[in-house]
Amino acid sequence: MRRFSLVEFSVDHPGSVVILCVLITMLFIIPFPRMRTDTNPRHMLPATSDVRVWNNKVDNIFALHKDTIALGIANEKGILNPSTLSKIKYITDQILKMKGVAAQDVASFTTIDNVSVKNGILVVGPLMTKVPQHRKGIEALRKMLYENPLFVNRIISKDGKTAAIYIPLEKGANGKQIADKIREIIKREKGDEKYYIVGDPVARDTFGVEMFKLMAVFAPISGMVMVLVRYLMFRDLFLSITLMMDAMMSIIWSMGLLIALGFPVHIMSSMAPIFLMAIATDSMHIFNEFYFRHRETKNKRTAIIETMNSVRRPVRNTALATAAGFTVLIFMHIVPVRVFGGMVAFGTILLRLFSFSFIPAMFMFVKEEKLEKIARHEDIESDRTSGFLKKLAGIGSNHPKKTVFVGLACVLIALVGLTRIRVNNNIVGWFKKGSDIRVADSVMNKALGGTCLGYVVAISPGKNDMKTPEAMHYIEGLQKYLGKLPVVGKTISVVDYLKRVNMVLHNDNPKYYAVPDNKTTIAQELFLFSMSAKPSDLDNVVDYPYRRANIWVQLKTWDARAMKDVINAAQQYRKMHPYPPMELKPAGTAYFDLVWNNQVLWDMVEGFILSLVTVLAILILDFRSIKWAVVGYTPLLFTVLLIYGAIGFIGKDFDMPISVLSCLSLGMAVDFAIHFVGRFKQRLKETGGRESIEDALLWTAARPGKGIVRNAVLFAASFSVMIFAPLTPYITVGAFIVTMMLSSAVFTLVCLPALITLLQGWLLKGNAG
Amino acid sequence: MRGKKRFSGPEEKKPNGERRPRMKKYLILLVILLFPVQAFALTGDEIMQKYLAAFYYPGNDFKAKVMMKLISAGGEVRSREMTMIRKNYGPVGGKQKYFIYFWRPSDVRNMTFMVFKHPGRNADRWLFVPALNMVRRIAAQDKYSSFVGSDFSYDNVSGRPLDEDTHTLIKEDKIGSRDCYVVKNTPKAKDADYNYRLSWIDKKTFLPIKEEYFDKRNELYKVFTDDKIKDIDGFPTVLKQTMKNVQTGHTTVVTYEKIDYNVGVSDSLFSERFMQAPPMNLIQ
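Residues numbered from 1 in each chain as written. Chains lettered and ligands numbered in written order. Predicted model: local features only at pLDDT ≥ 70, side-chain atom pairs only at ≥ 80, totals over all residues. Heavy atoms only, no water.

## Let's talk about the overall build of chain B
If you tally the helices and strands in chain B, you get five helices and 13 strands. Among the 284 residues that make up chain B, the fraction classed as buried is 54%. A fraction of 48% describes how many contacts in chain B between residues 6 or more apart in sequence connect residues 24 or more apart. Summed over all atoms, the accessible surface of chain B reaches about 13,200 Å², with 51% contributed by carbon and sulfur. (Helix = DSSP H or I, 4+ residues; strand = E, 2+ residues; numbered from the N terminus. Buried < 20%, exposed > 50% of the residue type's maximum accessible area, 1.4 Å probe, protein only. Contact = heavy atoms within 4.5 Å. Areas by Shrake-Rupley, 256 points an atom, 1.4 Å probe, with all protein chains shown as cover.)

Encoded structure:
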């Protein structure tokens, strides 16, 4: 009995195959309306992850809000004038009325608690209840602001030109929506003031929104670029669109499956369409070979079947390699990464399925004359590209030793670059330099204590321990120690409130701006403060049983490393001061970012190594030879090393997008080697030693090599669009993939001939003869 | 409901505006016949006047041990224990003096707090800090600010003057077995920290059974409930009340023990001297 051939079936029943594909595609569209999106990049760590559980606990203990937006109000002439102050008051009032704002804890001139003494009377209440209209009132306000370290660098800058309103958000509120509402309010304000909106929720939620917009804009543009480039290559719109349909169908099937399974579309999965589109370019090899074959046979049906027979193995194996590269991700820890891996692996396998059914079927609809016209150009003897590729491969095969030597030198240099790689991540850095968010953040960080917030929780063994002078001095010392770090702009703790109350109780005598010397006084002064101040003032910095204290650390940068510095410094301080016994634990957004960054990064590095092993295994299986696998592996490794070396030299942080990419690129970049080695060996077999190895190499470079280059160019073209994205991770993805694809194509065409020439004795032992 | 004997404590005076012309009476009777459901016999102002009398002004003076539990959203508990003494000077809504002695937390024991409430102007407050042996006057800048870190504001503790709000009876309702008037109280001043509060006032005792506070966005943010009411010396008295901030999840539960009315508190108690050395026989 004859074996069933999908290709032959498709060629014989092209109409049914196409209709079936379209019908199934429509089936997968059904779940689309149920699509849920999750725009929070931080949700890469599940709610049950240690850091999220701990941060929630800290938020609970100290009645903290997870998300805070800061609004900066700057006036070159100084903000302490009736006009600017009334704007601050008005804007604050409007903010208090917004849904999603934790109104009770908004910190602004009109809401922040101030403890002061006036004519012997203790005053605890909002710093500014009425806007002072005359000099006297303004001066009094200035004095109150600058004599209280809780205000300086927090709600007012040292130079008096910038004020800030801190707007904590209720759970589940969207930072971008609230930021947009604030923008509407400030847009209506006239005057010299400039406004800056900063804060993690704004950056994060803006990023989320932008990300989806980008995918909605860039995926289609990418697709169109690919159609265009294909058209330029083959001068046939119908076939270009066929290739696009192939990609679209796999995107729709995998997205449909993702949604149907109930997964939200996350930052990672939103990138899947563009990846699938790029992976679809592998079918280029079919087209490439088809035109050559058609030229030789002049028969469509035969050409298709012959083409499929000759490219079957490499096409299947590259698909396998790519799918395996992504499947590896399923075994990672980060859920959205796993979902993404599964989704792309599924899409890749579909693409291959289409390569053997849908694409051959579509070929049947193209008129013979048209094919002939295109195929006429496909001749390796007359074609310029093929000629160039032959020359390129000639470098390797004619000067194998020199090529390998140059390659080794490059590797050495790359290794030096590797050692310079700096692991870091900065969520605000995900926006471009001139963007509103970046500008606002740098202005605010210059003027005030820092927009990125982390906590250090001090935990003592027993109840009421925090009321002791020893504990208070300990925290005071720790604050001073942390304050020395260049990344730390300001710290706030219960000690700041205590010292303030103590001084005020002693009629503003600066001598008493200190921790009282006994526990009872400390307890009573704090109690006094809690009698009139907002409950959250103390709750935010000390827990109910006075066992744990929370030190707010404002950082001047969103670099994940900054919090690492804080943690290291805190541990050093702890070593230097063993008494009183105190445990110091980091928390807050800054800490989360550090953990998040590290976890995603190391997960990816792990995935990368796994990918490397898997890809090697697939090469061994494919070539049925460890030797050939090692040779085929070389251009890939070489490319990877060079790119990371370059990243090290350029000084670009090894951040989350890069780490994710490194994992993804392996499965795709190895394709070229599979095609090259596969077709080369096939050629040797076909010619049966009638052709020299050099000639076979040149033939491979000229014919399947053209497919490789076409594939790489197409791939690069589709991703190059992303270089124009407004968000840096997309630029990184674009630049990285473009470089990777082009260079690995070139390295494949140069290195492999060199290596094969050099190692022919070893490689072809008992093989070709 | 009309014609039923209304609650009349010893303090109660007939509020103005309760007399009605005969015609109106018949009219009301007619309305009652037409709408057998319920007729509003009292205006919002009248109800809140009676509420103020029943809740904040019963007796000439009042003494109780007050236990306050501050419960954080995370379930942690902070306890306050104090003796509270109140004395009325003048009619309902008039001047009052409060003397508060703290027992707990133990490190603030002997702290005393004194408030003079004046109609029409800010209250005077003093605090004695034993560790510094110092009496300090505290400015009452904000009546909405928290009372000793609880969810109760100073307004909640000593009562809000009637003329600071407009009171509208909006409906009648039943909470548990208690028939209530529901009055909407809207602050006249714009700087209030909430838009309005709804009060469920028990028709029998005129004590608040429940109150809901709506913030500037008209979102519910605080809920007050009376959890236990008992007759003491002829005064219906709240033994347990709760204030929950539904936005933060923070709750304060207050229970009263050793309640005494008309103990005959002398005026001299309300002085700096007694703040520093409180008469323990009275405080106990």
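So that's the structure; there's more coming.
## What to know about the sheet that holds strand β11 (residues 583–587) of chain A
Residue and element names in this part refer to chain A. Spatially, the four strands line up as an open sheet ordered β9-β10-β8-β11, and their pairing is antiparallel. The outermost strands of the open sheet, each flanked by one partner alone, are β9 (488–492) and β11. Each strand axis lies, on average, 25 degrees off the axis of its neighbour in the sheet, ignoring direction. Pairing of strand β8 (residues 452–459) with strand β10 (residues 548–555), which is carried by eight bridges, proceeds in the antiparallel orientation. Counterpart to Gly454 in the pairing with β10 is Val553. (Pairing = 2+ DSSP bridges. Axes fitted to C-alpha atoms, helices over the stretch in contact; angles between N-to-C directions.)

## Re the pairing of β10 of chain A
Residue and element names in this part refer to chain A. Within β10, eight of the eight residues are buried, which leaves the element mostly enclosed by the surrounding structure. Neither face of β10 is open: one carries Arg548, Asn550, Trp552 and Gln554, the other Ala549, Ile551, Val553 and Leu555, and all of them are buried. Bridge analysis of β9 against β10 gives four bridges, and the strand direction is antiparallel. Residue pairing across strands places Ile492 opposite Trp552, the latter belonging to β10.

## What about the side chain of Asp215 of chain B?
Examined against the element boundaries, Asp215 of chain B turns out to sit in the loop between β10 (208–214) and β11 (220–232). Beyond its immediate chain neighbours, meaning those up to four positions away, Asp215 of chain B contacts Tyr194, Asn195, Tyr221 and Gln247 of chain B.

## Description of the sheet that holds strand β6 (residues 194–198) of chain A
All names here are of chain A. Within the open sheet, the three strands sit side by side as β5-β2-β6. Their pairing is antiparallel. Each of the sheet's edge strands pairs with one partner strand only, and the pair in question is β5 (162–168) and β6. Taking the axes of each pair of neighbouring strands and ignoring which way they run, one obtains an average angle of 20 degrees across the sheet. Note: strand β2 (residues 68–74) against β5, seven bridges, orientation antiparallel. Along β5, the bridge assignment pairs Ile73 with Ala163. Its contacts with the sheet put helix α4 (residues 82–96) on β2, β5 and β6, and the angle it makes with β5 is roughly 10 degrees. Its contacts with the sheet place helix α7 (residues 200–234) against β2 and β6, and it is angled at close to 110 degrees to β2.

## Quick look at the domain arrangement of chain A
For interface size, the figure often reported is the accessible area lost on association. All names here are of chain A. Its domain assignment divides chain A into domain 1 (1–65 + 235–378), domain 2 (66–204) and domain 3 (436–594). Look at where the C-alpha atoms of domain 1 and domain 2 centre, and you get two points 52 Å apart. Listed per partner, the contact involves eight residues of domain 1 and nine residues of domain 2. Looking only at domain 1, the three residues that lose the most surface to domain 2 are Asn40, Arg42 and His65, adding up to 71% of its buried area. Taken together, the connections running from domain 1 to domain 2 amount to one salt bridge. Of the charged contacts in the structure, one is a salt bridge between Asp59 and Lys66, with a shortest N-O distance of 2.8 Å. Counting across the interface, domain 1 meets domain 2 through four residue pairs in polar contact (both at pLDDT 80 or more). For the side of domain 1 that touches domain 2, a count of residues per class yields two nonpolar, four polar and two charged. (Domains from an automatic or database assignment. Buried area = accessible area lost by both parts, 1.4 Å probe. Salt bridge = Lys/Arg side-chain N within 4 Å of Asp/Glu carboxyl O. Polar contact = N/O pair within 3.5 Å; in protein donor to acceptor, adjacent residues only side chain to side chain. Nonpolar A, V, L, I, M, F, W, Y, C, P; charged D, E, K, R; others polar.)

## Re helix α15 (residues 384–398) of chain A
Relative to the 21 Å expected for 15 residues at 1.5 Å per residue, α15 of chain A spans 20 Å between its end C-alpha atoms, a close match to the ideal helical length. Listed as buried for α15 of chain A are Ser386, Leu389, Leu392, Ala393, Gly394, Gly396 and Ser397 of chain A. (Expected span 1.5 Å × (residues − 1).)

## Observations regarding the environment of Val423 of chain A
Residue and element names in this part refer to chain A. Relative to the helices and strands, Val423 resides in the loop between α16 (400–419) and α17 (436–447). On the basis of relative accessible area, Val423 is assigned to the partly exposed category, the value being 29%. When the C-alpha positions of Val423 and Ala560 are compared, they lie 9.0 Å apart, and in sequence the two are 137 residues distant.

## Regarding the side chain of Ser355 of chain A
Residue and element names in this part refer to chain A. Positionally, Ser355 belongs in helix α12 (residues 335–355). The class of Ser355 is buried, set by a relative accessible area of 0%. Leave out the neighbours within four places in its chain, and Ser355 touches Ser283, Ile286, Met308 and Pro360.

## Notes on the interface of chain B and chain A
With 43 residues of chain B at the contact, the number on the chain A side is 43 residues. Summing both partners gives a buried area of about 3,400 Å² for chain B against chain A, and 54% of it is carried by carbon and sulfur. Of all residues in chain B, Arg78, Arg136 and Arg217 of chain B give up the largest surface area on contact with chain A, accounting jointly for 22% of the area buried on that side. Linking chain B with chain A are five salt bridges, by the criterion used here. In this structure, Asp107 of chain B engages Lys467 of chain A in a salt bridge whose closest nitrogen and oxygen atoms are separated by 2.6 Å.

## Description of the pattern of salt bridges
Across all of its chains, the model carries 44 salt bridges over all chains by this definition. For Glu81 of chain B, the salt bridge identified is with Lys65 of chain B, shortest N-O distance 3.6 Å. One end of the pair, Glu81 of chain B, is in strand β2 (residues 77–89); the other, Lys65 of chain B, is in strand β1 (residues 61–71), and 16 residues separate them in sequence. With relative accessibility at 17%, the residue Glu81 of chain B sits in the buried group. What makes Lys65 of chain B buried here is its relative accessible area of 13%. As a salt-bridge pair, Asp155 of chain B and Arg160 of chain B come within 2.8 Å of each other at their nearest N and O atoms. Here the two residues Asp155 of chain B and Arg160 of chain B agree in accessibility, since each one is buried. Put simply, Glu289, Arg293, Glu296, Glu306, Arg679 and Arg703 of chain A are held in one network by salt bridges that share partners.

## Structural notes on the packing of α4 of chain A against helix α6 (residues 175–188) of chain A
All names here are of chain A. The contact between α4 and α6 brings their axes to 11 Å, and the two run at 150 degrees. As far as their axial angle goes, α6 and α4 are roughly antiparallel. Crossing hand, α4 versus α6: right-handed. For the pair α4 and α6, contact is made by Tyr90, Ile91, Gln94 and Ile95 and by Ile182, Ile185, Ile186 and Arg188, respectively. (Parallel < 35°, antiparallel > 145°, perpendicular 65-115°, else oblique. Left-handed = near helix turned anticlockwise from the far one by under 90°.)

## Quick look at a nonpolar patch on the surface
A contiguous nonpolar surface patch, about 450 Å² in accessible area, is contributed by Ile19, Val22, Leu23, Met26 and Ile29 of chain A. Mapped onto the fold, Val22 of chain A is located in helix α2 (residues 14–29). (Patch = residues over 30% accessible without salt bridge, like charges linked within 9 Å, V, L, I, M, F, W, Y side chains within 5 Å.)

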